[in-house]
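Residue strings, one per chain:
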Amino acid sequence: MLFPLKNNSKSVILPVHDAEPWLDECLRSVWQQDFEGSMELSVFNDASKDKSMTIIEKWKVKLEDSGILVVIGGHSSPAPRGVGYSKNQAVAQSSGPYLCFLDSAFTSHGPTVIMPTWFCSRAWFSHVGLFDEGGQGVPEDLLFFYDHLRKGGGVVRVDQSLLLYRYHPRAATHSILETTIWSHRVRFLEEWALPRWATFTIWNAGRQGRRLYRSLTPGARAKVVAFCDVDENKIKKGFYCYEDSKERPKPRVPIVHFRDARPPFVICVKLDLTGGAFEDNLQSLNLREGRDFLHFS
């Protein structure tokens, strides 16, 4: 049964590989959506060897009876071709002018804006380009997100919880090394943000802040004028010495209280972990995100 898609319709993009334990709940969430336009589910089965296709075919009847078009593609090769390939195929076989991604992998070390919260136009997706199809170990969503920013894209935040996300040991994210994600993030920070600043302060004199400092290229590292923190013990120490540096004398970066530091800041403090104390401190400085500070956490 086919349903014509209208201009306000969306295509839900669902790559699947051996997702039998979670597919019922996943597809039920599509069925229960309260989206008022027409909706299409585009499923691409990436060489599943379990009962994923049986579950998909069962739900296809129920979804289409409720007015949701279901498009199913896939392949039965001996090995899966990866999340990036599957997403690209699912997008290609879909037809809605807007895309909503329903992933089955949680990016534990990736961007704050995780992919299942993405909602974008097909025209913009085409402008940015396809997902990287390198397969296992490639953070295709993070690479796409950075290409999106490089081409002038932005992010609109919805201050409402719209997603319940499952984290499980078999998630594809576990094939991606934390060091791989970290390296991509640092290089993009150096490419996209740091060239605009002659100097900057790293907000966090703890482990994450020091790790960021050590990960920077020498040119970017030279722009760091201070660390800032609220921890009196770190502030009393007065400085951080980069012991592994080949420079002589070894770099010694001051550690100051955040109120004595000067922007711009690269913030290496995770949000929602201090009962609002960090957020209040940041807000008290009356800074503008993007110009005076960036989050790297």
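Our subject is the structure listed above.
To start, this report covers the structure provided alongside it. (Residues numbered from 1 in each chain as written. Predicted model: local features only at pLDDT ≥ 70, side-chain atom pairs only at ≥ 80, totals over all residues. Heavy atoms only, no water.)

1. Quick word on the sheet that holds strand β9 (residues 252-257)
For step 1, the next point in the chain: Here six strands make up an open sheet; going across it, the order is β8-β9-β7-β6-β10-β11 and the pairing mixed. This sheet does not close on itself; its edge strands, each paired only once, are β8 (239-241) and β11 (293-295). Direction aside, neighbouring strands of the sheet carry axes that sit 25° apart on average.
For step 2, the next point in the chain: Sheet topology note: the strand β10 (residues 265-267)/β11 ladder contains three bridges and is parallel. (Pairing = 2+ DSSP bridges. Helix = DSSP H or I, 4+ residues; strand = E, 2+ residues; numbered from the N terminus. Axes fitted to C-alpha atoms, helices over the stretch in contact; angles between N-to-C directions.)

2. A look at the sheet that holds strand β2 (residues 39-46)
For step 1, the next point in the chain: Strand order across the open sheet formed by five strands is β3-β2-β1-β4-β5, with mixed pairing between neighbours. The sheet is open, and its two borders are formed by β3 (69-75) and β5 (119-121), each paired with just one other strand. In this sheet, adjacent strand axes meet at a mean angle of 25° when their direction is disregarded.
For step 2, the next point in the chain: Bridge count between strand β1 (residues 10-16) and strand β4 (residues 98-101): four bridges; the pairing is parallel. If you follow Lys10 over to β4, its bridge partner there is Tyr98.

3. Focus: the pairing of β1
It is a general feature of regular strands that their side chains alternate between the two faces of the sheet.
For step 1, the next point in the chain: Within β1, seven of the seven residues are buried, which leaves the element mostly enclosed by the surrounding structure.
For step 2, the next point in the chain: Side chains Lys10, Val12, Leu14 and Val16 project from β1 onto one buried face, and the interleaved Ser11, Ile13 and Pro15 project onto a second face that is buried too.
For step 3, the next point in the chain: Bridging between β1 and β2 involves seven bridges; their strand directions are parallel. Bridging from a neighbouring strand, Ser11 pairs with Glu40 of β2.
For step 4, the next point in the chain: For the handedness criterion, the β-α-β arrangement of β1, helix α1 (residues 20-31) and β2 is classed as right-handed. (Buried < 20%, exposed > 50% of the residue type's maximum accessible area, 1.4 Å probe, protein only. Right-handed = clockwise from strand over helix to strand, strands pointing away.)

4. Concerning the pattern of salt bridges
For step 1, the next point in the chain: Applying the stated criterion across every chain yields a total of 10 salt bridges.
For step 2, the next point in the chain: One salt bridge connects Arg211 with Glu178, and the closest N-O pair in it is separated by 2.8 Å. One end of the pair, Arg211, is in helix α7 (residues 207-215); the other, Glu178, is in helix α6 (residues 178-192), and 33 residues separate them in sequence.
For step 3, the next point in the chain: Arg187 is paired through a salt bridge with Glu190; the nearest N and O atoms lie 2.9 Å apart. Of this pair, Arg187 and Glu190 both sit in helix α6, three residues apart, which is roughly one turn of the helix.
For step 4, the next point in the chain: Arg187 sits in the partly exposed class, given a relative accessible area of 35%. (Salt bridge = Lys/Arg side-chain N within 4 Å of Asp/Glu carboxyl O.)

5. Quick look at helix α3 (residues 83-92)
For step 1, the next point in the chain: For α3, a buried count of seven out of 10 residues is recorded, marking the element as mostly surrounded by other parts of the structure.
For step 2, the next point in the chain: When α3 is considered as a whole, its buried residues turn out to be Gly84, Tyr85, Ser86, Lys87, Asn88, Ala90 and Val91.
For step 3, the next point in the chain: Where α3 is buried, its residues meet β1, β2, β3, β4, α4 (122-128) and α5 (140-150). (Contact = heavy atoms within 4.5 Å.)

6. A closer look at the packing of aromatic side chains
For step 1, the next point in the chain: Throughout the structure, instances matching the rule amount to 23 aromatic pairs.
For step 2, the next point in the chain: Plain terms: the ring middles of Phe125 and Phe131 are 5.6 Å apart, the flat faces sit at 50° to each other, and that makes the pair tilted.
For step 3, the next point in the chain: On the basis of relative accessibility, which here comes to 3%, the residue Phe125 falls in the buried class.
For step 4, the next point in the chain: For Phe131, a relative accessible area of 3% puts it in the buried group. (Phe/Tyr/Trp six-rings, centres within 6.5 Å; stacked < 30°, edge-to-face > 60°.)

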